[in-house]
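# Structural overview for review
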Amino acid sequence: MTPRIWFVLQHRPGPAAKPGVSVTDQPGFAEHLAFLNRRAEDGTLVMAGPFEDVDGAVDEGMTVLATATLEDALRLAEIDDEAVRSGLLAVTVRTWTVVMTPVTED
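All of the points below concern the structure found in this document. Please read all numbers here as calculations on a predicted model, not as lab measurements. (Residues numbered from 1 in each chain as written. Predicted model: local features only at pLDDT ≥ 70, side-chain atom pairs only at ≥ 80, totals over all residues. Heavy atoms only, no water.)

### Some details on the packing of helix α1 (residues 29–42) against helix α2 (residues 70–80)
How two helices sit against one another is set out by the angle between their axes and by the gap between those axes. Defined as follows: Geometry is summarised by axes, namely lines fitted to C-alpha atoms with helices restricted to the contacting stretch, and by angles between N-to-C directions that run from 0 to 180 degrees. The numbering of helices and of strands both runs from the N terminus, where a helix is a DSSP run of H or I of at least 4 residues and a strand a run of E of at least 2. Roughly parallel means an angle under 35 degrees; roughly antiparallel means over 145; roughly perpendicular covers 65 to 115; every other angle is labelled oblique. Handedness of a crossing is defined here by the sense of rotation of the near helix relative to the far one, left-handed for an anticlockwise turn of less than a right angle and right-handed for a clockwise turn. A contact between two residues is defined here by any heavy atoms of the two lying within 4.5 Å. Just so you know the grouping, Ala, Val, Leu, Ile, Met, Phe, Trp, Tyr, Cys and Pro go in nonpolar, Asp, Glu, Lys and Arg go in charged, and all remaining residues, Gly too, go in polar.
For the pair α1 and α2, the least separation of the axes is 11 Å and the interaxial angle reads 150°. In terms of orientation, α1 lies roughly antiparallel with respect to α2. In this structure, α1 crosses over α2, and the sense of that crossing is right-handed. Residue-level contacts link F35, R38 and R39 of α1 to L76, A77 and D80 of α2. Tallied by class, the residues present in the contact of α1 with α2 amount to 3 nonpolar, no polar and 3 charged.

Next comes the structure, spelled out in C-alpha coordinates:
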(Lines give C-alpha, C1' and ligand atoms only; values in the text may rest on other atoms or scores of the structure.)
Protein backbone atom coordinates (compact mmCIF):
# COMPACT_ATOMS: atom_id res chain seq x y z
CA MET A 1 0.00 0.00 0.00
CA THR A 2 1.23 3.47 -0.85
CA PRO A 3 1.29 5.69 2.25
CA ARG A 4 -1.33 8.43 2.36
CA ILE A 5 -0.65 11.78 4.03
CA TRP A 6 -3.44 13.35 6.04
CA PHE A 7 -3.33 16.23 8.50
CA VAL A 8 -4.71 15.91 12.03
CA LEU A 9 -6.10 19.00 13.73
CA GLN A 10 -6.21 18.54 17.49
CA HIS A 11 -8.62 21.06 19.02
CA ARG A 12 -8.84 22.10 22.66
CA PRO A 13 -10.27 25.10 24.52
CA GLY A 14 -8.38 28.27 23.69
CA PRO A 15 -7.56 31.34 25.76
CA ALA A 16 -10.98 32.94 25.10
CA ALA A 17 -12.95 29.88 26.27
CA LYS A 18 -14.87 30.37 29.50
CA PRO A 19 -13.62 27.97 32.19
CA GLY A 20 -16.16 25.48 33.46
CA VAL A 21 -18.38 25.78 30.36
CA SER A 22 -18.23 23.15 27.64
CA VAL A 23 -16.67 24.65 24.55
CA THR A 24 -19.63 23.37 22.51
CA ASP A 25 -21.96 25.55 24.63
CA GLN A 26 -20.00 28.75 24.17
CA PRO A 27 -20.73 31.57 21.74
CA GLY A 28 -18.62 31.15 18.64
CA PHE A 29 -18.67 27.35 18.50
CA ALA A 30 -21.07 27.58 15.54
CA GLU A 31 -18.16 29.12 13.62
CA HIS A 32 -16.18 25.92 14.12
CA LEU A 33 -19.12 23.89 12.77
CA ALA A 34 -19.26 26.25 9.78
CA PHE A 35 -15.55 25.60 9.20
CA LEU A 36 -16.18 21.84 9.23
CA ASN A 37 -19.08 22.24 6.81
CA ARG A 38 -16.87 24.23 4.42
CA ARG A 39 -14.26 21.47 4.55
CA ALA A 40 -16.96 18.86 3.82
CA GLU A 41 -18.17 20.91 0.87
CA ASP A 42 -14.69 21.34 -0.64
CA GLY A 43 -13.81 17.68 -0.13
CA THR A 44 -10.91 18.16 2.30
CA LEU A 45 -12.73 16.80 5.37
CA VAL A 46 -11.95 13.14 6.08
CA MET A 47 -13.55 12.97 9.53
CA ALA A 48 -14.14 15.05 12.64
CA GLY A 49 -15.51 14.61 16.12
CA PRO A 50 -15.13 15.21 19.84
CA PHE A 51 -13.31 13.23 22.47
CA GLU A 52 -15.53 12.40 25.42
CA ASP A 53 -14.02 12.32 28.88
CA VAL A 54 -14.92 9.55 31.30
CA ASP A 55 -17.63 11.78 32.78
CA GLY A 56 -19.07 12.52 29.32
CA ALA A 57 -17.66 16.05 29.10
CA VAL A 58 -16.54 17.23 25.68
CA ASP A 59 -13.70 19.74 25.63
CA GLU A 60 -11.37 18.44 22.93
CA GLY A 61 -11.79 17.10 19.44
CA MET A 62 -9.99 16.03 16.31
CA THR A 63 -10.40 16.78 12.63
CA VAL A 64 -8.62 14.95 9.82
CA LEU A 65 -8.05 16.85 6.57
CA ALA A 66 -6.82 15.67 3.20
CA THR A 67 -5.01 18.69 1.77
CA ALA A 68 -2.15 18.92 -0.68
CA THR A 69 0.38 20.34 1.79
CA LEU A 70 0.96 21.02 5.46
CA GLU A 71 0.85 24.73 4.63
CA ASP A 72 -2.69 24.31 3.23
CA ALA A 73 -3.77 22.46 6.38
CA LEU A 74 -2.23 25.15 8.61
CA ARG A 75 -3.94 27.93 6.66
CA LEU A 76 -7.32 26.24 6.94
CA ALA A 77 -6.89 25.35 10.61
CA GLU A 78 -5.51 28.67 11.81
CA ILE A 79 -7.09 31.22 9.48
CA ASP A 80 -10.29 29.75 8.02
CA ASP A 81 -11.65 28.54 11.37
CA GLU A 82 -13.03 31.65 13.08
CA ALA A 83 -13.31 29.74 16.38
CA VAL A 84 -9.52 29.35 16.32
CA ARG A 85 -8.88 32.93 15.20
CA SER A 86 -11.09 34.27 18.01
CA GLY A 87 -9.30 32.14 20.61
CA LEU A 88 -12.30 29.99 21.53
CA LEU A 89 -10.33 26.98 20.28
CA ALA A 90 -6.62 26.30 20.11
CA VAL A 91 -5.35 23.92 17.45
CA THR A 92 -2.29 21.80 16.86
CA VAL A 93 -1.77 20.55 13.30
CA ARG A 94 0.13 17.31 12.82
CA THR A 95 1.11 15.36 9.72
CA TRP A 96 -0.21 11.80 9.77
CA THR A 97 1.28 9.23 7.41
CA VAL A 98 -1.28 6.46 7.05
CA VAL A 99 0.56 3.27 6.15
CA MET A 100 -2.21 0.76 6.74
CA THR A 101 -5.97 0.65 6.22
CA PRO A 102 -8.30 -2.33 6.11
CA VAL A 103 -7.94 -4.48 3.02
CA THR A 104 -11.00 -4.30 0.80
CA GLU A 105 -11.93 -6.64 -1.99
CA ASP A 106 -13.12 -5.17 -5.28
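### Regarding the environment of P102
Put simply, the test is: For the exposure calls, accessible area comes from a 1.4 Å probe over protein chains only, and a residue counts as buried if that area is under 20% of its type's maximum, exposed if over 50%, partly exposed in between.
Mapped onto the fold, P102 is located in the segment after β4 (89–98). You can call P102 exposed: its relative accessible area is 70%. Sequence spacing of P102 and D42 is 60 residues, and the spatial spacing of their C-alpha atoms is 25 Å.

### Considering the nonpolar core
Rules: Buried Ala, Val, Leu, Ile, Met, Phe, Trp, Tyr and Cys residues form a nonpolar core when they are joined through side-chain atoms within 4.5 Å.
Counting 17 residues, the largest nonpolar core has L9, F35, A77, L88, L89, V91 and V93 as the members making the most contacts within it. Contributing elements (two or more residues each) for this core: β1 (4–13), α1, α2, α3 (82–85) and β4.

### Concerning the sheet that holds strand β2 (residues 45–52)
What counts is decided by this rule: Criterion used throughout: strands pair if DSSP finds at least two bridges between them.
An order of β2-β3-β1-β4 is seen for the 4 strands of this open sheet, with the pairing classed as antiparallel. Edge positions in the sheet fall to β2 and β4, since each has one partner strand and no second. Neighbour to neighbour, the strand axes of the sheet diverge by 20° on average, direction disregarded. The pairing of β1 with strand β3 (residues 58–65) spans 5 bridges and is antiparallel. Bridged to H11 within β3 is G61. Its contacts with the sheet place α1 against β1, β2, β3 and β4, and it is angled at close to 150° to β2. Against the sheet, α2 engages β1, β3 and β4, with an angle of about 155° to β4.

### Overview of α1
For clarity, the threshold we go by: The span you would expect from a helix comes to 1.5 Å times its residue count less one. The arc in question is traced by the directions running from the helix axis to the C-beta atoms.
Here α1 contains 14 residues, and its C-alpha end-to-end distance of 20 Å stays within 8% of the 20 Å for a straight helix at 1.5 Å per residue. Listed as buried for α1 are F29, H32, F35, L36 and R39. What you see down the axis of α1 is that its buried residues fit within an arc of 110°, all on one side. Opposite the buried face of α1, at more than 90 degrees from it, the exposed residues are A30 and E41. Trailing α1 by a residue or two, G43 shows a phi angle of about 85°, which is positive.

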